[in-house]
Amino acid sequence: MSVRPYRDIYRRKSRQISVGNVKVGGDAPITVQSMTNTLTTDVAATVAQVREMEAAGADIVRISCPDEESTEALGKIIPQVSVPIVADIHFHYKRAIEAAEAGAACLRINPGNIGSSERVREVVKAAKDHGCSMRIGVNAGSLERELLEKHGEPCPEAMVESALNHIRILEDNDFFEFKISCKASDVFLAVAAYQGLADACDYPLHIGVTEAGGLRIGTIKSSIGLGALLWAGIGDTVRVSLSADPVEEVKVGFDILKSLNLRHRGVNVISCPSCARQQFDVIKTVEVLEKRLAHITTPMTVSVIGCVVNGPGEARETDIGFTGGGNDTHQVYIAGLPDHRLKNQDIVDHLVELVEAKAAQIEAETAAEAERNAAAE
């Protein structure tokens, strides 16, 4: 138990699989993924979008392969990107085989809608031959007719039953290198389905609230649903589904993990909402500061507080702190301690310089430690 047990999250024990060179499940870090929305056949546009997601920190990227032209394009896309690619397959088993041959690291399928048992065997053989893992993708909006007739509507029990049926198909073909999703656009339904699935099996879970909406409402719904699951230790890889630039999905995914202390990437800015006590324009300062710090990937915390009511206290817990003071003179904290004062005019520039210097210091210390550990081995 840690010194702050109220912050402890105990992850569900799951099997670990590989998606290319990325581990999912077990004790591996919770990964963040997104999906391209370009035409897959537009190779240049798709490669550019994947690279943008890579730069934002995406661990895995999914690409839709609805036809033969798309799987052919996939073979040209994969050599030009670094992250593992998941091929999104629906209905046609040949697309799955082609995607495996094209170098996909994972196939997103529903074994039940691929076709006959012989076709499923062919897909499994292709996955084994080419080192692909799979994702079983259950969605409340496309449940099997017999399950809807049995349960009357999409419900957690129907979704879990669908997932378990698909699991059995792969297990019967001696294939176990897969993860499972059980998504719904309704937050309550999605969370309940994942809770039931987490109890019913030990496979890694790909979690998400599907079709969550635009950037604002989709972020809120995803934060509630994914936050509830992750806080309970459920989830091995996350996708935030937004009607927005896929890069925003990656950013929101990392922010959710960062908020729960499950994964750290970049600067976590702690800032007040501002009020009449503020001694500088907090909102504008934070808006500009976050944009200026977007290139920093080193984990650290920065507090920007408008006055001395909470500023010193927040600064004690952050790497770099900034608190508003009277007469346009503000206090800068380093490692929780008062360090120097600063006038209004260059707040953002000064904080950016401090953060960049701190990031360089942390990276140098990390590299030195890695060298020492390597030498010790």
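Here the structure is shown first, and the text comes after it.
Remember, it's a predicted structure, so these values are computed and weren't measured experimentally.

J.: How should I be thinking about helix α4 (residues 117–129) in this particular structure?
T.: Since the α-helix advances by 3.6 residues per turn, residues separated by three or four positions end up pointing in the same direction. For α4, which comprises 13 residues, the first-to-last C-alpha distance of 18 Å matches the rise-based estimate of 18 Å (1.5 Å per residue) to within 8%. Of all the residues in α4, the buried ones are Val120, Val123, Val124, Ala126 and Ala127. Angularly, the buried residues of α4 cover 160 degrees about the axis, an arc narrow enough to put them on a single face. Note on α4: the residue one or two positions beyond its end, Gly131, has a positive phi of about 70 degrees.

J.: In this structure, what is going on with the packing of helix α1 (residues 43–56) against helix α2 (residues 68–77)? I would like to understand it.
T.: When two helices pack together, their arrangement is given by the angle between the helix axes and by the axis-to-axis distance. Between α1 and α2, the least distance of the axes is 10 Å, while the angle of their chain directions is 55 degrees. Classed by the angle they form, the pair α1 and α2 counts as oblique. Judged by the sense of rotation from one axis to the other, the crossing of α1 with α2 is right-handed. Residues Val43, Thr46 and Val47 of α1 touch α2, and the partners they reach there are Ala73, Lys76 and Ile77. Classifying every residue of the contact of α1 with α2 by side-chain character gives four nonpolar, one polar and one charged.

J.: When you look at the pattern of salt bridges in this model, what are you seeing that I'm missing?
T.: Any two side chains of opposite charge can pair, on the condition that their charged atoms come close. Counted by the stated rule, this structure contains 15 salt bridges. Close ionic contact of Arg121 with Glu118 constitutes a salt bridge, the shortest N to O distance being 2.8 Å. Of this pair, Arg121 and Glu118 both sit in helix α4, three residues apart, roughly one helical turn. By relative accessible area, Glu118 is classed as partly exposed at 38%. Taking the shortest distance from any N to any O, the salt bridge between Asp349 and Arg292 comes out at 3.0 Å. With Asp349 in helix α12 (residues 347–376) and Arg292 in helix α10 (residues 282–292), this pair connects stretches of sequence that are 57 residues apart. Taking relative accessible area as the criterion, Arg292 reaches 35% and is therefore assigned partly exposed.

J.: Whenever I open this one, the nonpolar core confuses me. Can you help?
T.: When a protein is soluble and globular, its nonpolar side chains tend to lie buried together. Leu74, Leu107, Met134 and Ile180 are the most contacted members of the largest nonpolar core, which totals 82 residues. When residues of this core are assigned to their parent elements, the largest contribution, eight residues, is made by helix α7 (residues 187–200). In contact with Leu107, other than residues within four places in its own chain, are Val86, Ala87, Ala96, Ala99, Ala100, Val123, Ala127, Cys132, Ser133, Met134 and Arg135.

J.: Please explain the pairing of strand β12 (residues 300–305) as it appears in this structure.
T.: On any regular strand, side chains alternate: one points to one face of the sheet, the next to the other face. With respect to burial, β12 is a largely interior element, five of its six residues being buried. Looking at chain direction, strand β11 (residues 267–271) and β12 are connected through five bridges and run parallel. Each residue of the ladder has a partner; that of Ser271, found in β12, is Val304. Handedness of the β-α-β unit built from β11, α10 and β12 comes out left-handed. As defined by bridge partners, β12 adjoins strand β13 (residues 320–323) across four bridges and the pair is classed as parallel. Residue pairing across strands places Val302 opposite Ile320, the latter belonging to β13.

J.: Looking at this structure, I do not really get a nonpolar patch on the surface. What am I missing?
T.: There is a patch of nonpolar side chains on the surface, built from Ile217, Ile220 and Ile224 and spanning about 260 Å² of accessible area. Among the secondary structure elements, Ile217 is positioned in helix α8 (residues 215–231).

J.: Looking at this model, I keep getting lost on the sheet that holds strand β7 (residues 133–139). Mind explaining?
T.: The eight strands lie next to each other as β8-β7-β6-β5-β4-β3-β10-β9, forming an open sheet whose pairing is parallel. Since the sheet does not close on itself, it has two edges, and those belong to β8 (178–183) and β9 (206–207), each with one partner. As paired strands, strand β4 (residues 60–64) and strand β5 (residues 85–88) are joined by four bridges and run parallel to one another. Counted as the bridge partner of Val61 is Ile85 from β5.

J.: Hey, could you run me through the pairing of β13 in this one?
T.: A two-sided burial pattern is seen for β13, the buried positions comprising Ile320 and Phe322 on one face and Gly321 and Thr323 on the other. In this structure, β13 lies alongside strand β14 (residues 329–334), joined through four bridges in antiparallel fashion. Residue pairing in the sheet places Gly321 in a bridge with Tyr333 of β14. Linking β13 back to β14 in an antiparallel pair, the connection comprises five residues, with Asn327 at a positive phi of about 60 degrees.

J.: What's the story with unusual backbone geometry in this structure? I'm lost.
T.: Outside of glycine, negative phi angles account for most residues, and trans bonds account for most peptide bonds. Positive phi, close to 60 degrees, is recorded for Asp174, a residue that is not glycine. Residue placement: Asp174 occurs in the loop between α6 (156–172) and β8. In the Ramachandran plot, Ser274 falls in the positive-phi region, its phi being about 80 degrees despite a non-glycine side chain. With respect to the helices, strands and loops of the structure, Ser274 is situated in the loop between β11 and α10. Under the relative-accessibility criterion, Ser274 is labelled partly exposed at 24%.

About the cut-offs
Residues numbered from 1 in each chain as written. Predicted model: local features only at pLDDT ≥ 70, side-chain atom pairs only at ≥ 80, totals over all residues. Heavy atoms only, no water. Helix = DSSP H or I, 4+ residues; strand = E, 2+ residues; numbered from the N terminus. Expected span 1.5 Å × (residues − 1). Buried < 20%, exposed > 50% of the residue type's maximum accessible area, 1.4 Å probe, protein only. Arc of directions from axis to C-beta. Axes fitted to C-alpha atoms, helices over the stretch in contact; angles between N-to-C directions. Parallel < 35°, antiparallel > 145°, perpendicular 65-115°, else oblique. Left-handed = near helix turned anticlockwise from the far one by under 90°. Contact = heavy atoms within 4.5 Å. Nonpolar A, V, L, I, M, F, W, Y, C, P; charged D, E, K, R; others polar. Salt bridge = Lys/Arg side-chain N within 4 Å of Asp/Glu carboxyl O. Core = buried A, V, L, I, M, F, W, Y, C linked by side-chain atoms within 4.5 Å. Pairing = 2+ DSSP bridges. Right-handed = clockwise from strand over helix to strand, strands pointing away. Patch = residues over 30% accessible without salt bridge, like charges linked within 9 Å, V, L, I, M, F, W, Y side chains within 5 Å. Areas by Shrake-Rupley, 256 points an atom, 1.4 Å probe, with all protein chains shown as cover.

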